[in-house]
Protein chains: 2
Amino acid sequence: MSAFSRRRLLGWTGAGAAAVGVGAVAGCAAAPAAPGPAQRVVPFRGEHQAGIVTPAQDRLHFVALDVITDDREELRALLQRWTAAAERMTAGAETTPGGATGGNPNSPPDDTGEALGLPAASLTLTFGVGASLFAKVGLDPSLVPPGLAELPRFAGDQLDPALSGGDLCIQACSDDPQVAVHAVRNLVRMGFGTTAVRWSQLGFGRTSSTSTSQETHRNLFGFKDGTNNLKAEDPDGLRDQVWVPADARPAWLAGGSYLVARRIRMHIEIWDRTSLVEQEVIIGRTKDEGAAFGAAAEFDPADFAATDETGAPRIAVDAHIRLSSAESLGGVRILRRGYNFVDGSDGQGHLNAGLFFIAFMNDPQAQFVPMQRALSTKDVLMEYIEHTGSAVFACPAGLGEGGYWGQSLFEA
Amino acid sequence: MSAFSRRRLLGWTGAGAAAVGVGAVAGCAAAPAAPGPAQRVVPFRGEHQAGIVTPAQDRLHFVALDVITDDREELRALLQRWTAAAERMTAGAETTPGGATGGNPNSPPDDTGEALGLPAASLTLTFGVGASLFAKVGLDPSLVPPGLAELPRFAGDQLDPALSGGDLCIQACSDDPQVAVHAVRNLVRMGFGTTAVRWSQLGFGRTSSTSTSQETHRNLFGFKDGTNNLKAEDPDGLRDQVWVPADARPAWLAGGSYLVARRIRMHIEIWDRTSLVEQEVIIGRTKDEGAAFGAAAEFDPADFAATDETGAPRIAVDAHIRLSSAESLGGVRILRRGYNFVDGSDGQGHLNAGLFFIAFMNDPQAQFVPMQRALSTKDVLMEYIEHTGSAVFACPAGLGEGGYWGQSLFEA
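Residue numbers run consecutively from 1 along every chain, following the written order of its sequence. Chains and ligands are labelled by the order in which they are written, letters from A for the one and numbers from 1 for the other. Local features in this predicted model are restricted to residues whose pLDDT is 70 or higher, and side-chain atom pairs enter the listing and the counts only when it is 80 or higher, whereas totals over whole chains, interfaces and linings include all residues. With hydrogens and water stripped out, all remaining heavy atoms of the structure feed into the side-chain values.

Chain A appears in an unreviewed UniProt entry as Deferrochelatase from Pseudonocardia broussonetiae. UniProt positions are given in the numbering used here, feature names are shortened, and annotations may be inferred rather than shown by experiment. Quoted verbatim from the Catalytic activity (unreviewed entry) field of UniProt, the annotation for chain A is "heme b + 2 H(+) = protoporphyrin IX + Fe(2+)". Per UniProt, chain A has the following entry under Subcellular location (unreviewed entry): "Cell envelope".

K.L.:
Is there a simple way to explain the overall build of chain A in this structure?
P.N.:
Per the convention used, a helix needs a DSSP run of H or I reaching at least four residues, while a strand needs a run of E reaching at least two, with both numbered from the N terminus. Across its full length, chain A carries 11 helices and 9 strands. The globule rule puts the C-alpha radius of gyration for 412 residues at 22 Å, and the 22 Å found for chain A is close to it. Along the three orthogonal principal directions, the C-alpha set of chain A runs to about 80 × 50 × 45 Å. Under the scheme applied here, a residue whose accessible area is under 20% of the maximum for its type counts as buried, over 50% as exposed, and between as partly exposed, the area being computed with a 1.4 Å probe on protein chains only. For chain A, with 412 residues in total, the buried portion stands at 61%. Across chain A, contacts joining residues at least 24 apart in sequence account for 77% of those joining residues at least 6 apart. When the accessible surface of chain A is split by element, carbon and sulfur atoms take 54% of a total near 14,600 Å². Working convention for charge: Lys and Arg count positive, Asp and Glu count negative, and His plus the chain ends are omitted. A charged residue contributes its charge at one atom only: NZ of Lys, CZ of Arg, CG of Asp or CD of Glu. Side chains of chain A give 34 positive and 47 negative charges; the mean places of these two sets differ by 3 Å. Here the globule rule reads 2.2 Å times residues to the power 0.38, and the radius of gyration is calculated from C-alpha atoms. The contact rule is simple, with two residues in contact once any of their heavy atoms fall within 4.5 Å. Using a 1.4 Å probe, accessible areas were evaluated by the Shrake-Rupley method; residue-level cover was limited to the displayed protein chains.

K.L.:
So what exactly am I meant to see when it comes to the interface of chain A and chain B here?
P.N.:
Size of an interface: often given as the accessible area lost when the parts come together. Chain A puts 60 residues into the contact, and the matching count from chain B is 60 residues. Regarding the contact of chain A and chain B, the summed buried area is about 5,100 Å², with carbon and sulfur atoms giving 61% of it. Counted as salt bridges are all cases of a side-chain nitrogen of Lys or Arg within 4 Å of a carboxyl oxygen of Asp or Glu. Linking B:Arg185 and A:Asp272 is a salt bridge whose minimum nitrogen-to-oxygen distance equals 2.9 Å. Any N or O atom pair separated by 3.5 Å or less is treated as a polar contact, with the protein-specific requirement of one donor-capable and one acceptor-capable atom, and with residues adjacent in sequence counted only for side-chain atom pairs. Between the two partners, chain A and chain B, sit 20 residue pairs in polar contact (both at pLDDT 80 or more). Elements with a minimum of two residues in the side of chain A that touches chain B: strand E1 (59-67), helix H5 (177-190), strand E4 (195-204), helix H8 (276-283) and strand E7 (339-345) of chain A. Looking at the side of chain A that touches chain B, the element that brings in the most residues is E4(A), giving 7 residues. Throughout, buried area stands for the accessible area (probe radius 1.4 Å) lost by two parts on being put together, summed over both.

K.L.:
Explain the relation of the copies chain A and chain B here, please?
P.N.:
The pair of chain copies shares a relation made of a rotation about an axis and a shift along it. The two copies are related by a screw operation: chain A maps onto chain B through 180° of rotation and 0.0 Å of translation along the axis, at an RMSD of 0.0 Å. Taken together, the rotation and translation relating the two chain copies correspond to the operation of a two-fold axis. No C-alpha of chain A lies nearer the rotation axis than that of A:Asp343, which sits 3.3 Å from it. Residue by residue, 100% of the interface of chain A is reproduced at the interface of chain B, so both copies engage with the same surface. Superposition of the copies used a least-squares fit over C-alpha atoms from residues whose pLDDT is at least 70 in both.

K.L.:
Just to check I follow, could you spell out the UniProt feature "domain: Dyp-type peroxidase N-terminal" (unreviewed entry) in chain A for this structure?
P.N.:
UniProt records the feature "domain: Dyp-type peroxidase N-terminal" (unreviewed entry) at residues 49-204 of chain A, using the numbering of this structure. What you have in residues 49-204 of chain A is 24% helix and 21% strand, and the ends, taken at the C-alpha atoms, are 21 Å apart.

K.L.:
For this particular structure, what's the right way to read the pattern of salt bridges?
P.N.:
Side chains carrying opposite charge are able to pair once their charged atoms draw close together. Tallying each qualifying case throughout the model produces 34 salt bridges over all chains. Across the pair A:Arg185 and A:Glu114 runs a salt bridge, and its minimum N-O distance is 2.9 Å. One end of the pair, A:Arg185, is in helix H5; the other, A:Glu114, is in the loop between helix H3 (72-90) and strand E2 (124-129), with 71 residues separating them in the sequence. A salt bridge links B:Glu411 to B:Arg76, with the nearest nitrogen and oxygen atoms 3.5 Å apart. One end of the pair, B:Glu411, is in the segment after helix H11 (407-410); the other, B:Arg76, is in helix H3 (residues 72-90), with 335 residues separating them in the sequence. For B:Glu411, a relative accessible area of 45% gives the class partly exposed. One continuous salt-bridge network, built from bridges that share partners, spans A:Asp58, A:Arg59 and A:Arg206.

K.L.:
Would you mind going over the packing of H3(B) against helix H5 (residues 177-190) of chain B with me for this structure?
P.N.:
Angle between the axes and distance between the axes: these two values describe a pair of packed helices. Residues and elements named next belong to chain B. For every element, the axis is a line fit to its C-alpha atoms; helices are fit only across the contacting stretch, and the angle between N-to-C directions ranges from 0 to 180 degrees. H5 packs onto H3 with a crossing angle of 160° between their chain directions and a minimal axis gap of 10 Å. Classified by the angle their axes make, H3 and H5 are roughly antiparallel. Viewed along their axes, H3 and H5 form a crossing whose handedness is right-handed. Residues Leu78, Arg81, Trp82, Ala85 and Met89 of H3 lie in contact with H5, whose contacting residues are His182, Ala183, Asn186, Leu187 and Met190. Here the nonpolar group is Ala, Val, Leu, Ile, Met, Phe, Trp, Tyr, Cys and Pro; Asp, Glu, Lys and Arg are the charged ones; every other residue, Gly included, is treated as polar. Residues belonging to the contact of H3 with H5 are distributed by class as follows: 7 nonpolar, 2 polar and 1 charged. Under this scheme an angle from 65 to 115 degrees is roughly perpendicular, one under 35 degrees roughly parallel, and one over 145 degrees roughly antiparallel; angles in between are oblique. Crossings are assigned a handedness: left-handed for a near helix turned anticlockwise from the far helix by less than a right angle, right-handed for a clockwise turn.

K.L.:
What exactly am I supposed to notice about the environment of A:Asp167 here?
P.N.:
Residues and elements named next belong to chain A. Structurally, aspartate 167 is set in the loop between helix H4 (133-136) and strand E3 (168-174). Once the C-alpha coordinates of aspartate 167 and glycine 130 are considered, the two residues, 37 residues apart in sequence, prove to be 4.6 Å apart. Not counting residues within four places of it along the chain, the set of residues in contact with aspartate 167 comprises Leu65, Asp66, Val67, Gly128, Val129, Gly130, Ser132, Leu133 and Lys136. In terms of polar contacts, aspartate 167 uses its side chain to reach the backbone amide nitrogen of valine 67, at 2.7 Å.

K.L.:
Would you mind showing me how to read the environment of B:Thr216 here?
P.N.:
Residues and elements named next belong to chain B. As for its placement among the helices and strands, threonine 216 is situated in the loop between strand E4 (195-203) and helix H6 (235-241). Expressed as a C-alpha distance, the spacing of threonine 216 and asparagine 229, which sit 13 residues apart in the sequence, is 9.7 Å. A distance of 2.5 Å separates polar atoms of two side chains, one belonging to threonine 216 and the other to glutamate 298.

K.L.:
For this particular structure, what's the right way to read the environment of A:Gln57?
P.N.:
All names here are of chain A. Within the fold, glutamine 57 resides in the loop between helix H2 (22-29) and E1. The sequence separation of glutamine 57 and serine 208 amounts to 151 residues, and the corresponding C-alpha distance is 9.9 Å. With residues up to four places along the chain from it excluded, the contact list for glutamine 57 reads Ser122, Leu123, Thr124, Cys173, Ser174, Asp175, Arg206, Arg337 and Tyr339. In this structure the side chain of glutamine 57 is engaged in a polar contact, spanning 2.7 Å, whose partner is the backbone oxygen of serine 122.

K.L.:
Would you take a moment to explain the packing of aromatic side chains for this structure?
P.N.:
Aromatic ring pairs are defined here through the distance separating the ring centres and the angle between the ring planes. Residue and element names in this part refer to chain B. Pairing of aromatic rings covers Phe, Tyr and the six-membered ring of Trp, with a centre-to-centre limit of 6.5 Å; geometry is then stacked below 30 degrees between planes, edge-to-face above 60, and tilted otherwise. Applying the stated rule across the entire model yields 26 aromatic pairs over all chains. With a centroid separation of 6.3 Å and an interplanar angle of 75°, the aromatic rings of tryptophan 82 and tryptophan 405 are classed as edge-to-face. Linking tryptophan 82 in helix H3 with tryptophan 405 in the loop between strand E9 (385-395) and H11, this pair joins segments that are 323 residues apart in sequence. Each member of the pair, tryptophan 82 as well as tryptophan 405, carries the same accessibility label: buried. Ring centres 5.1 Å apart and planes at 10° place the aromatic pair phenylalanine 127 and tryptophan 405 in the stacked group. Of this pair, phenylalanine 127 sits in strand E2 (residues 124-129) while tryptophan 405 is found in the loop between E9 and H11, placing the two residues 278 residues apart along the sequence.

K.L.:
Where do I start with the nonpolar core in this structure?
P.N.:
Considering soluble globular proteins, one finds that nonpolar side chains tend to be buried as a cluster. One finds A:Trp82, A:Trp405, B:Trp82 and B:Trp405 to be the most contacted residues of the largest nonpolar core, which totals 176 residues. Residues contacting A:Trp405, with those up to four places away along its chain left out, are A:Phe44, A:Gln49, A:Leu79, A:Trp82, A:Thr83, A:Ala86, A:Leu125, A:Phe127, A:Ile170, A:Leu187 and A:Leu399. Side-chain atoms within 4.5 Å are what join buried Ala, Val, Leu, Ile, Met, Phe, Trp, Tyr and Cys residues into a set we call a nonpolar core.

K.L.:
Mind showing me how you'd approach helix H8 (residues 276-283) of chain B here?
P.N.:
Residues that lie three or four places apart on an α-helix share one face, since the helix turns once every 3.6 residues. Residues and elements named next belong to chain B. Within H8 the residues assigned to the buried category are Leu276, Gln279, Glu280, Ile282 and Ile283. End-on view of H8: buried residues confined to an arc of 160°, all on one side of the axis. Buried residues along H8 sit against helix H7 (268-271) and helix H9 (320-323). Positioned one or two residues after H8, glycine 284 has a phi angle of 95°, which is positive. In this description, one arc is meant: the one made by directions from the helix axis to the C-beta atoms.

K.L.:
Mind showing me how you'd approach unusual backbone geometry here?
P.N.:
Residues and elements named next belong to chain A. Cis peptide bonds are those with omega within 30 degrees of zero, and the linkage from arginine 249 to proline 250 qualifies with -5°. Locating proline 250 in the fold gives a position in the loop between helix H6 (235-241) and strand E5 (257-266). In this model, serine 122 sits at a positive phi of 60°, which is unusual for a non-glycine residue. Within the secondary structure, serine 122 sits in the loop between H3 and E2. Owing to a relative accessible area of 6%, serine 122 belongs among the buried residues under this scheme.

K.L.:
Any chance you could explain the pairing of strand E1 (residues 59-67) of chain B here in plain terms?
P.N.:
The side chains of a regular strand alternate between both faces of the sheet. All names here are of chain B. In terms of burial, E1 is a largely internal element, 9 of the 9 residues being buried. Because side chains alternate across E1, one face comprises the buried residues Arg59, His61, Val63, Leu65 and Val67, and the other comprises Leu60, Phe62, Ala64 and Asp66, equally buried. Criterion used throughout: strands pair if DSSP finds at least two bridges between them. Direction of pairing for E1 relative to strand E3 (residues 168-174): antiparallel, over a ladder of 7 bridges. By the bridge assignment for E3, arginine 59 is matched with serine 174.

Listed below in structure tokens is the structure:
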């Protein structure tokens, strides 16, 4: 009834691809001359997980999951199956060699099929664990890394428990939303009975570049966002601020990073009624060019000491870029990887829109906490935004051949 | 503080573009050699509204609005301002020549700015009115077109009033979600005090091609969707099934069409646990190729009379493609233009996912109603889906130079 077939990779015939292992698929998929962006394959394995310093793709599907078993071995078996499927999907293949239509036709397919025919589209899948996981499956409390300590309540927080926390997270980024959604949906499907969706968030229009090769995009306040972001081309910055050091304790997170997620609802209607001058003063940059006040171009360094003819600071003392700057925070920086979102309407005549903030760092208590404490108490932007969701996950280092998600933790 | 600037169009300098009217912008924007898809400009004015037979773009932002004034002139003035802004945005420009950063810096900007630097990305904006509009602003009841009659309640309907109806609708389609969201957000902003968002829906991965130049995409059940759709290259089909005839009454809708929207939640978790055979029997097509049973290729015609060796129909009597076929419905067809969606999670461990069905036709009571009645009572697929939102809008014909949205109605 159904022909045996596989997802078509860059013009390979289904039959040709079928006999080849995933490693080979990933290797060859990048081979044809000048593949378009949709064809790009990001390696799944490596020193660090993909999806952190990978140049930020344009679309996001982020899911936080509850573990609904207390059986650690059951969870570990799922993580092994997830890893195999994730590796295949990031190479542009279906979850299993049988995939969507090539298995036993009298069984549910191993793959839901909506990505059949679609290329890899730079898919990355990034895995993390939350503090609530450890007790749930009986992991030794000494394995809880210090960065998973609960965040303090910040001024103005309006956190919805249904949009916060989670035992596990998977961040899917791709240049094609259907590819990102397909990946999350299939991992969720495979977890049925072992994990359940706690919350999930779609995003578009990446608002932070993570590479100097990328142009800065704009958030829904209309400003370029993430100009001063930590970028892939700054190895010293990544070493100092993003990657957990090799000698850190617990050892299972060495080479990994912490992911802080905050769902930030923007009251765009109120913002839209403020003047251009006020918007720019609040941010500390021009809206058009994105240059810091007193500078000419977007990437010119901000001069926080500069004053105008009256002696007042050119960049206001409570400007967003000053409060969040390394200069104000004792050298602290983070690697941001956020996305814009619109989640329908709020039932009160407005769009339910905002920024899904994602940032990676090696010490949330020393990096995110002081930054958010400064912003939540001093940033005028707080009048226009509201944090409605929050979560912190520990994302282990990248995997070598044969390794699986969470292995360093489960075999610690 | 802010340089005067305009959205950059295809390498034009801001200063060059600023002095040129919108008509010229639209004309010239397509001029450079071999523009990429992101650069494509779809003409705003023409015999019919864009966004109906326009090759379906990949992303959707659909908004239904309530009119919150009873002052018809106030609404008409808004429609005129909307039209000017919509025409500019579909050409890749900001809402006004002053736009995001070029107006009075002490006033709120005319444009929210998040599309600064982005090209037109095939943006179309399609406008419609719902039955509830007429009484609200005192329009003559004889102007209510027959196709806006309330839809019957279909078997299994689980309609949420908060996701249904609306006095006005705007369908924004683009290849870039940020461009579609920017357009809707700015029109909503301009309507503040006159209109309010009733509901809004984002979509991705268009599930119906509207042109033979497009490949068929897949819905979240993993099947190619819309293979047999009415397409732009079928002028007789469009004349008979989509466009309201020139001699129809009321005359203001001549050359227009009706838009039927249905938010269809898919219970993907249940679907994912059915066998490939069962999925294919329910649909009547193979999952891989999308060929009707008994046919070899996707676009081979379905033979509904064919039987297998036992004498049973090859395509089941209740197969989805049979029930929705022109053959079963006395020749009725519709032009579908739906999108996949994932709206986070449902709070019960599942993704809130499905298909946002949009279809255009010239007689909903004679086209959509019998089709949906057949599907809602006989289609096994109903076990896996649930209609959670519903709306019908009358979309007037396209605009000539100087015309504005709703003019034929407001000046009838």
